[in-house]
Amino acid sequence: MLYLSTRGKSAARSFTEAVMTGLAEDGGLLLPRAIPRIDRGTLETWQTLNYTQLAFEVMSRFIDDIPTADLKALIKKSYATFDVDEVVLHAHLDDLHILELFHGPTLAFKDIALQFLGNLFEYLLDQNDGFLNIIGATSGDTGSAAIHGVKGRKRIRIFILHPHQRISEVQERQMTTVEDENVYNIAVKGTFDDAQAIVKAIFGNKEFKDTYKLGAINSINWARILAQVVYYVQSYLHVAVHEKINAIAFSVPTGNFGDIFAGYIAKKMLPEGAVSKLILATNANDILARFVNKGDYSLGKVVETSSPSMDIQAASNFERYLYYLMDCEPDLVRESMLKFSVDGKLYLQDYLAHIKRDFVASSVSETEVLETIRKYFKGHRYILDPHTAVGVRAAEQHRDLGIPMVCLATAHPAKFGATVEKAIERQPDIPACLAGLAEKQSRCEVMDADVEAVTAYIEQHAIRPT
Ligand SMILES: *Cc1c(COP(=O)(O)O)cnc(C)c1O
């Protein structure tokens, strides 16, 4: 399978090249040349597979440059770190299905992709005796999932910047108590935007980037999307095939359009009509909901909410969907994205009918999040995290679709105890992997929000060729 840039000006590359590249040279994102369709007969044979077997079936349709036995071993190793054999679990609240994606080492769905990506990086670096310095800024979840994906790996060092004292204590300790020597936490005295700006400046230094083989771990990496396609297929098999229904909908709490884009790929893979709609759920940062409802993709100001991993305006995977929306015409995509980078807005009303074939959308308020957490705790003794609550509320608002709905549960509620307590006046139970955190030794470099100082620190600690 070859991968092409959404902007059409970069050479096609293989899967493993796409993984190591991240962004294409023309500024576009990489997509497989074609999405393989799975027929109902094949799908039936998948019903008896466990999660890792299914992951192999789905992923191998997009990967032809890793030997079968190696890919199977990579998948197996990636999901052995989860605390349930089946990797994901299903819960039922009234007529809603909840797909629990938070049973990995950092209790957020990002583990499903980043555990796999960490193993994949190491495997590919081993083959060509390479090395990699990963640099990223985080407002919480991504940083800890990335650290836990690559900790202890000989050919990789990871530098994660977070805003000093501006992330939750659990999130901070999940990152800073990791003992492995290849992990470097930097607390920047400033906001998340300051940390992000430093990372961008460092990546903009081409000489530094090439010398130190800087790599990113954000959700534009195709391998992350691919690993997420698997649980949509798993969930479809679980809900639709078992209950003998053909069509279902997924409700997805959305920030960077990564997770829901994986759902869109699954929709294209599964038999026609199997996934009849994707429900796009946002918090008050509603740019994507406006896009679906009105064709209005225009940047607003980022607002802080109780679902911080979705406090995003420009969604980094949006361009991938735009490519399909524009009938795979890279010239149109390139033009639109350049226009967006200048104006901060795109009006896509002409495409509304097409958008609405795939999506419906809702933006959910802070009051609604608290109400939703309260409602399902009272009714079912089930505690939703605030991100998941956004998706559940959106699903409720689209019950008129009249089909079974699967709501993606993206984080364990214990990661967001303060919001949960505000809603139901008690804290969620603390899972074992968080229980000892408070006593553990923590390591972190507190630094001024200064590009040169951070660059010097990275230079001093980076891995380099021997
Ligand atoms: C990252 C994250 C999201 C948003 O996922 P995207 O792929 O950015 O849309 C939702 N919930 C949680 C808990 C997250 O960590």
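Residues numbered from 1 in each chain as written. Predicted model: local features only at pLDDT ≥ 70, side-chain atom pairs only at ≥ 80, totals over all residues. Heavy atoms only, no water.

Colleague: Looking at this structure, how should I read the sheet that holds strand S3 (residues 89–93)?
Modeller: Backbone hydrogen bonds are what pair the strands of a sheet, in a parallel or an antiparallel way. Strand order in the open sheet made by the six strands is S3-S4-S14-S9-S10-S13, with mixed pairing throughout. Edge positions in the open sheet fall to S3 and strand S13 (359–363), since each of these has one partner strand only. Taking the axes of each pair of neighbouring strands and ignoring which way they run, one obtains an average angle of 25° across the sheet. Where strand S4 (residues 96–100) lies against strand S14 (residues 405–409), five bridges are found, and the strand directions are parallel. Counted as the bridge partner of His97 is Val406 from S14. Contacts from helix H11 (residues 258–269) reach strand S9 (248–253), strand S10 (275–282), S13 and S14 within the one sheet, and its direction differs from that of S10 by about 175°. (Pairing = 2+ DSSP bridges. Helix = DSSP H or I, 4+ residues; strand = E, 2+ residues; numbered from the N terminus. Axes fitted to C-alpha atoms, helices over the stretch in contact; angles between N-to-C directions. Contact = heavy atoms within 4.5 Å.)

Colleague: When you look at helix H16 (residues 366–380) in this model, what are you seeing that I'm missing?
Modeller: One turn of the α-helix equals 3.6 residues, which is why residues spaced by three or four share an orientation. Between its first and last C-alpha atoms H16 spans 21 Å; for 15 residues at 1.5 Å apiece the expected length is 21 Å, and the two agree. Buried positions along H16 lie against S3, S4, S13, helix H17 (386–397) and helix H18 (417–424). Where H16 ends, the next residue or the one after it, Arg381, has phi of about 55°, a positive value. (Expected span 1.5 Å × (residues − 1).)

Colleague: Is there a simple way to explain the pattern of salt bridges in this structure?
Modeller: As a working rule, side chains carrying opposite charge can pair if their charged atoms are close by. Counted according to the given criterion, the structure contains 21 salt bridges. With a closest N to O distance of 3.6 Å, Glu122 and Lys77 form a salt bridge. Separated by 45 residues along the polypeptide, Glu122 in helix H5 (residues 110–127) and Lys77 in helix H4 (residues 68–79) bring together distant segments of the chain. Overall, the relative accessible area of 46% leaves Lys77 in the partly exposed class. Among the ionic pairs, Lys375 bridges to Glu396, the shortest N-O distance being 2.7 Å. Residue Lys375 is located in helix H16, and its partner Glu396 is located in helix H17; the two are separated by 21 residues in the primary sequence. What makes Lys375 partly exposed here is its relative accessible area of 41%. Here the residues in one salt-bridge network are Lys77, Glu122 and Arg153, joined through shared partners. (Salt bridge = Lys/Arg side-chain N within 4 Å of Asp/Glu carboxyl O. Buried < 20%, exposed > 50% of the residue type's maximum accessible area, 1.4 Å probe, protein only.)

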